[in-house]
Each structure stands twice: as structure tokens, then as C-alpha cells.
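Chain and residue survey
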2 protein chains.
Amino acid sequence: MSDKQEALFENIVVIGLGLIGSSLTRGIKQRGLAVHLFGYDGSAKVRQEARDIDIGAQIVDELAPTVSKADLVILAVPVGAMANLAAQVCPLIKPGAILSDVGSVKQSIIEAVSPLMPENTHFVPGHPVAGTEFSGPSSGFGHLFEDRWCILTPVEGGDQQAINSLKLLWQQLGSQVECMSAAHHDIVLAITSHIPHLIAYNIVGTAADLEDVTKSEVIKFSAGGFRDFTRIAASDPVMWRDVFMNNKEAVLEMLGRFTEDLTQLQRHIRRDDGQALQDLFSRTRAIRRSIVEAGQETQEADFGRTKG
Amino acid sequence: MSDKQEALFENIVVIGLGLIGSSLTRGIKQRGLAVHLFGYDGSAKVRQEARDIDIGAQIVDELAPTVSKADLVILAVPVGAMANLAAQVCPLIKPGAILSDVGSVKQSIIEAVSPLMPENTHFVPGHPVAGTEFSGPSSGFGHLFEDRWCILTPVEGGDQQAINSLKLLWQQLGSQVECMSAAHHDIVLAITSHIPHLIAYNIVGTAADLEDVTKSEVIKFSAGGFRDFTRIAASDPVMWRDVFMNNKEAVLEMLGRFTEDLTQLQRHIRRDDGQALQDLFSRTRAIRRSIVEAGQETQEADFGRTKG
């Protein structure tokens with residue numbers, strides 16, 4: 001098929017076959033980026049599901065034989081599961097091979113994984129900024145990463161060739177790649193991803209707990225704005241629990257700023273300061289326009305929602 | 001065309017030709033719900049735009065001759081502009097005719113409009129819970145109200161026949177109709193619409209003002225969740241200023257609950273209470289499922305976003 005590229009790696013294994021992992025195997029397979037592609041998941045049920053639907057990889061039941069011959073190992077499990085998994089995986093990695101991950105938090109993963117890397121192996125932490133609200137192997141698709149950004153956060157003294165190989169892999173999956181420090185990543189993603197999820201989860205919880213508004217009313221009249229928030233509040237609970245537990249400092253810092261601004265807005269409303277409200281509401285349109293222009297959002301009204 | 005129904009009114013005039021007003025004229029025209037359909041806007045520029053693109057109504061330059069012969073007058077201007085407009089329009093309404101509106105807040109409009117209604121005329125306040133992030137006559141479309149809810153908040157002693165006529169109009173536009181008190185409406189919409197808009201505007205403002213994260217980073221990595229919020233934060237600034245100014249009490253009450261819950265979440269993060277986070281994050285998935293099942297949201301992943 002026209003997507004096909006030259007293989008970049010002889011053996012790739014993806015560990016964790018949820019939305020991101022199974023999108024990776026599909027994308028790698030569709031573009032022919034590995035000569036041999038393997039997939040593993042800690043859950044036998046998930047492995048079976050992955051086999052049943054064919055996610056483009058040979059699904060294996062044991063880590064050791066596959067990891068020990070892999071040129072690239074990608075960890076695609078929730079952030080909180082990375083340390084345990086790395087303890088199993090790292091000792092098996094062969095000299096010259098690359099380990100990477102797709103975790104939404106980078107500093108805590110680097111702290112956990114780096115000390116476990118054997119001599120002459122290369123850890124290149126990564127984070128594809130892409131996803132949907134669905135989970136599991138069936139929810140993945142090979143073009144998930146197209147036109148999205150993948151952030152790499154190389155460790156100090158990281159091997160440049162290994163970084164370049166991983167960069168090429170993501171580019172061939174359709175992503176643009178940016179390198180930055182793990183600390184900066186964790187701050188940037190706190191505002192562009194973690195806080196949005198936190199307040200979405202929060203408002204859905206608030207709405208569910210009201211006594212004077214029924215659940216049926218919340219559902220019927222959700223087209224007024226609320227339903228937009230329910231999409232990301234439907235994201236994987238364990239994955240997101242781990243994000244907040246592992247990016248605590250940056251999340252609390254950004255949450256503090258969000259709350260400070262919200263308190264100011266509250267004061268404007270209480271004091272009938274319409275001009276201050278209008279000033280803010282007028283500024284925010286420009287940001288969406290920039291996001292659309294940058295190819296990170298559809299320009300269609302209402303996200304191009306069809307029915308519903 | 002197959003959409004065509006029997007005309008429900010001889011003469012309808014829609015005043016205010018933005019997203020909602022021009023969607024109304026298009027929908028009414030497409031379904032043949034008026035024998036004669038007129039449109040007016042206070043801005044000559046908007047009237048010209050509406051004429052140029054044809055929104056299904058005859059655009060008039062003067063209110064008096066059109067309103068005085070209308071059987072149904074619909075006010076489709078921002079909530080804050082309703083009182084002044086009503087002062088012009090109400091004295092012109094003919095006996096037996098109905099006045100309605102589409103404002104997102106109902107108590108303040110009823111207080112402003114009811115005293116102005118002449119004898120033997122009927123005020124039936126309404127609110128179609130539908131919209132997009134775009135404004136102006138070009139952004140409207142005739143099926144905007146299909147499968148959405150329209151809320152009517154009849155005034156005390158309101159004429160039942162007038163209520164039924166308006167109900168039928170909205171039903172023939174494709175909406176489901178629910179009647180409730182204006183006070184309850186203002187509480188329900190505070191949580192399903194007003195607070196979602198407020199926190200969306202707020203986070204977009206917070207992100208724009210950060211010193212340690214560049215605007216370019218916010219834009220590039222917005223697919224992590226942030227971009228969802230920019231859609232409703234791109235809504236009409238004047239319309240939304242007016243909503244908050246006119247539904248102050250309910251908005252502040254709901255905002256208080258939102259903030260209380262957020263403070264609790266913050267505490268869970270600070271205290272590393274992963275279980276409490278996971279519990280909330282697991283509850284919220286069910287609400288989205290209900291919204292999809294109720295036909296108020298697409299079931300496609302990521303809102304069915306195409307590119308971008």
C-alpha cells in the first residue's frame with residue numbers, strides 16, 4: 001500500500017495494547033516500519049482481544065524471548081504501571097537497543113526507568129499528544145498520530161542516534177516531533193491536557209451530584225455546552241489517576257492559576273463588571289482560530305459533529 | 001420538499017438575525033411554517049448580509065409595519081438587549097398575537113418584557129438549547145434545532161393556546177419541547193450551559209497568560225484536551241457577557257459548588273489519594289453514555305472530528 005515505508009527497525013515490541021499501543025502497532029504495520037512487530041499485554045484477556053481483531057502485530061504470551069531480541073521496545077501502559085513494568089523489561093534489553101514509552105508525564109517515568117537501563121542501551125522517553133475518549137485494543141487506529149505532535153524528552157547525555165531513530169519513527173507515523181526537557185514537558189502538558197481533564201471530570205461530577213437538577217435534565221439539556229466536557233471526562237480512569245499522581249507539582253501549580261483566574265471572573269460577575277467579562281470572552285476566540293490554523297483542530301462548526 | 005408542513009402562522013417576524021435568528025428563519029421557511037416570513041436586525045450591515053445570502057425571510061428595514069401585522073414575533077437578540085428591544089416592539093403587537101424569545105436566561109427577560117405586553121397579547125418565553133461557536137446570519141442553518149430540546153417557561157396565567165402554538169412550531173422545527181418554570185430553567189441551564197462556558201473561557205484565558213509556557217506550545221499541544229474547551233470559548237462574547245450578568249444568582253451558586261468539588265479534587269491530588277480520583281473518574285463515563293443514548297451527542301470517537 002502507498003503508506004509503506006522502508007523498515008526502520010528489525011524487531012519492535014509494543015507492551016501495553018490499549019488505545020495508544022494498538023494504534024502504534026497498526027500504524028507501524030501499515031507503514032511497514034518494522035520487519036517483525038510484536039505486541040504484549042499483561043492481561044490475557046487483552047491479548048486475546050488483540051489477536052481476535054488483528055492489530056498488525058504478532059501477539060506474544062511471554063515478554064522475555066521477545067524483548068531480548070527487540071531493537072525497539074515501547075512501553076504503552078499507564079504512567080503508574082511504568083516502574084514495575086520497567087523492572088521486568090529493562091534487564092532483558094539487548095545492547096544497542098532502544099527503550100521508549102508514551103507516558104503523559106515524563107519526569108517521574110525518567111526517574112523510575114533511567115536507573116534500570118543496562119549499559120549500552122538507550123532510553124528515549126516520548127509522548128504522542130493524541131488520543132480519543134475510548135480505551136482498549138479495539139479503540140486504536142493507525143492514523144491516530146497523523147498531524148499530531150509527539151514530544152521527546154531526551155535524558156541527559158542521551159544517544160543522539162537513538163533519538164534520531166525514534167524521531168524518524170514518529171515522523172513516519174505522521175507526527176511532527178519536538179524535543180524538550182522533561183520538566184518543561186510536564187508543565188506544558190499540565191495546562192494543555194491535565195488541567196482540562198481535571199476540570200472536565202470535576203464539572204461532570206458536580207452536575208451528577210446536584211439535588212435541585214435531575215440527572216435527566218443534565219442529559220437532555222447538555223447540548224448547551226456540558227456535553228463537550230463529558231467527552232474527555234469519559235477517558236480512561238486509571239490512566240488519568242496516574243497522571244495526576246505523577247505530575248502532582250505541575251498540576252497543583254496550574255490548578256492554582258486556573259482557580260485564581262476563576263475567582264477573578266466570579267468577582268466580575270458579582271460586581272456586574274460586564275466590560276471585564278466581554279474583554280476576556282473576546283480574547284479567547286483568537287486562540288481557537290490559531291489552533292485551527294495550526295492544523296490541530298477541525299474548522300467545521302461544532303467539531304463537525306454529525307447527529308447527536 | 002418533503003420537509004414542508006402546513007403553515008402554522010400567517011405572519012411571523014424574527015428580530016435579530018444572528019446564528020439563532022437566521023437558523024429560525026431558514027427552518028421556518030424550509031418547512032413552510034409561515035405564510036409570510038419577515039426578518040429584521042438592528043444593524044443595517046447584518047440586514048444586508050442576510051439579504052445577500054438569503055436566509056428564507058423577507059428582510060425589512062423598519063420594525064413598525066411588520067410587527068404590527070405579525071401573528072408571532074420572535075426576539076432573537078442577546079439577553080441584555082431584550083429589554084430595550086421589547087420597549088420598542090411590545091406597543092406594536094396586535095391583539096391575539098404571540099411574542100416569544102430565544103434567550104438563554106428566562107427570569108430577567110420575563111421581568112423586563114411581561115409588564116410591557118399590551119392587553120390580549122401573549123408572551124411565551126422560550127429557549128432552544130442549541131447552537132454552535134459561530135455568530136452572524138451566515139452561520140445559521142435550518143436543521144440546527146433538530147433533535148435538540150426547546151424549553152418553554154410560560155408566565156403565570158399564560159394563554160394555553162398560545163403555548164400550544166409555539167410548542168407546535170418548535171416541534172415542527174425538529175425539537176422536543178419541555179415546559180418548566182423560569183426559575184428552574186435558570187438553575188438547570190447554569191450547570192448544563194453557563195458554567196461550562198465560564199470555565200472554558202477561564203482556562204483559555206489562564207493558558208494565554210502563562211509566562212512559562214508559550215502560546216505556540218499551547219496551540220501545538222492542544223490536542224491533549226485543551227482544544228475541546230476552545231470551541232465554546234469561541235462563542236459570541238456579548239451574548240455570553242449578558243448571560244452571566246442576567247443569571248448572576250444561579251451562576252454564582254453553581255460556580256460555588258463547582259469550586260467546592262474542585263478544591264476536594266485538589267486535596268485528593270495533594271494527599272496522593274489515588275482511589276478517590278479513580279472513583280470520580282469512573283463515575284463520569286456513565287454520564288456521557290447516557291447523553292449519547294439520549295441522542296444528544298454523537299457516539300463517534302473524538303466527536304467524529306475529521307482532520308485537524
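Here's a quick rundown of the structure. These figures come from a predicted structure and were not determined experimentally.

1. Description of the layout of surface pockets
Empty space within the largest pocket amounts to approximately 840 Å³. Around the largest pocket, the lining is made up of 46 residues, and of these Gly18, Leu19, Ile20, Asp236 and Met239 of chain B lie nearest the centre. Secondary-structure elements contributing two or more residues to the lining of the largest pocket are α1 (19–30), α4 (82–89), β7 (126–128), α7 (182–208), α9 (226–232) and α10 (237–246) of chain B. Taken together, the residues of the lining of the largest pocket sort by class into 25 nonpolar, 17 polar and 4 charged. The computed volume of the second largest pocket comes to approximately 650 Å³. Put simply, the parts of the chain that give the lining of the second largest pocket at least two residues each are α1 (19–30), β7 (126–129), α7 (182–208), α9 (226–232) and α10 (237–246) of chain A. Tallied by class, the residues present in the lining of the second largest pocket amount to 17 nonpolar, 15 polar and 5 charged.

2. Topic: α10 of chain B
Within α10 of chain B, the full set of buried residues consists of Pro237, Trp240, Asp242, Val243 and Phe244 of chain B. Structurally, α10 of chain B contributes buried residues whose contacts are with α11 (248–270) and α12 (274–293) of chain A together with α7 and α11 (248–270) of chain B.

3. Looking at the packing of aromatic side chains
Inspection of the entire model under this criterion finds 12 aromatic pairs over all chains. For the ring pair Trp240 of chain B and Phe244 of chain B, a centre distance of 6.0 Å and an interplane angle of 40° mean the geometry is tilted. Pair noted here: Trp240 of chain B and Phe244 of chain B are both in helix α10, with a separation of 4 residues, about one helical turn. Trp240 of chain B sits in the buried class, given a relative accessible area of 5%. Taken together, the aromatic side chains of Tyr201, Trp240 and Phe244 of chain A together with Phe281 of chain B make up a single cluster linked through ring pairs. Cation over ring: Lys220 of chain A sits above Trp149 of chain B, and NZ or CZ is 4.6 Å from the ring centre.

4. Quick word on the relation of the copies chain A and chain B
In screw terms, the move from chain A to chain B is a rotation of 180° and a rise of 0.0 Å along the axis, fitting with an RMSD of 0.0 Å. Here the copies are linked by what is in effect a two-fold axis. Of the residues that chain A buries at the interface, 100% are likewise interface residues in chain B, meaning the two copies contact each other through the same surface.

5. A word on the pairing of strand β5 (residues 98–101) of chain B
All names here are of chain B. Here β5 shows no split at all, with Ile98 and Ser100 on one side and Leu99 and Asp101 on the other all buried. In this sheet, β5 lies alongside strand β4 (residues 72–75) in parallel orientation, the contact comprising 4 bridges. Across the sheet, residue Leu72 finds its bridge partner in β5, namely Ile98. Taken together, β4, α4 and β5 constitute a β-α-β crossover, and its handedness is right-handed. Pairing analysis gives 3 bridges linking β5 to strand β6 (residues 122–124), with the strands arranged parallel. Note on β6: the bridge partner recorded for Leu99 is Phe123. Running through helix α5 (residues 107–113), the crossover from β5 to the neighbouring parallel element β6 is right-handed.

Each value, and the rule that gives it
Residues numbered from 1 in each chain as written. Chains lettered and ligands numbered in written order. Predicted model: local features only at pLDDT ≥ 70, side-chain atom pairs only at ≥ 80, totals over all residues. Heavy atoms only, no water. 1 Å grid on protein atoms, 1.4 Å probe; cavity = no way out; pocket = protein on both sides within 12 Å on 5 of 7 lines; lining within 4 Å. Points joined across faces, edges and corners; volume = space filled by probe spheres on them. Helix = DSSP H or I, 4+ residues; strand = E, 2+ residues; numbered from the N terminus. Nonpolar A, V, L, I, M, F, W, Y, C, P; charged D, E, K, R; others polar. Buried < 20%, exposed > 50% of the residue type's maximum accessible area, 1.4 Å probe, protein only. Contact = heavy atoms within 4.5 Å. Phe/Tyr/Trp six-rings, centres within 6.5 Å; stacked < 30°, edge-to-face > 60°. Lys NZ or Arg CZ within 6 Å of the ring centre and 35° of its normal. Least-squares fit on C-alpha atoms with pLDDT ≥ 70 in both. Pairing = 2+ DSSP bridges. Right-handed = clockwise from strand over helix to strand, strands pointing away.

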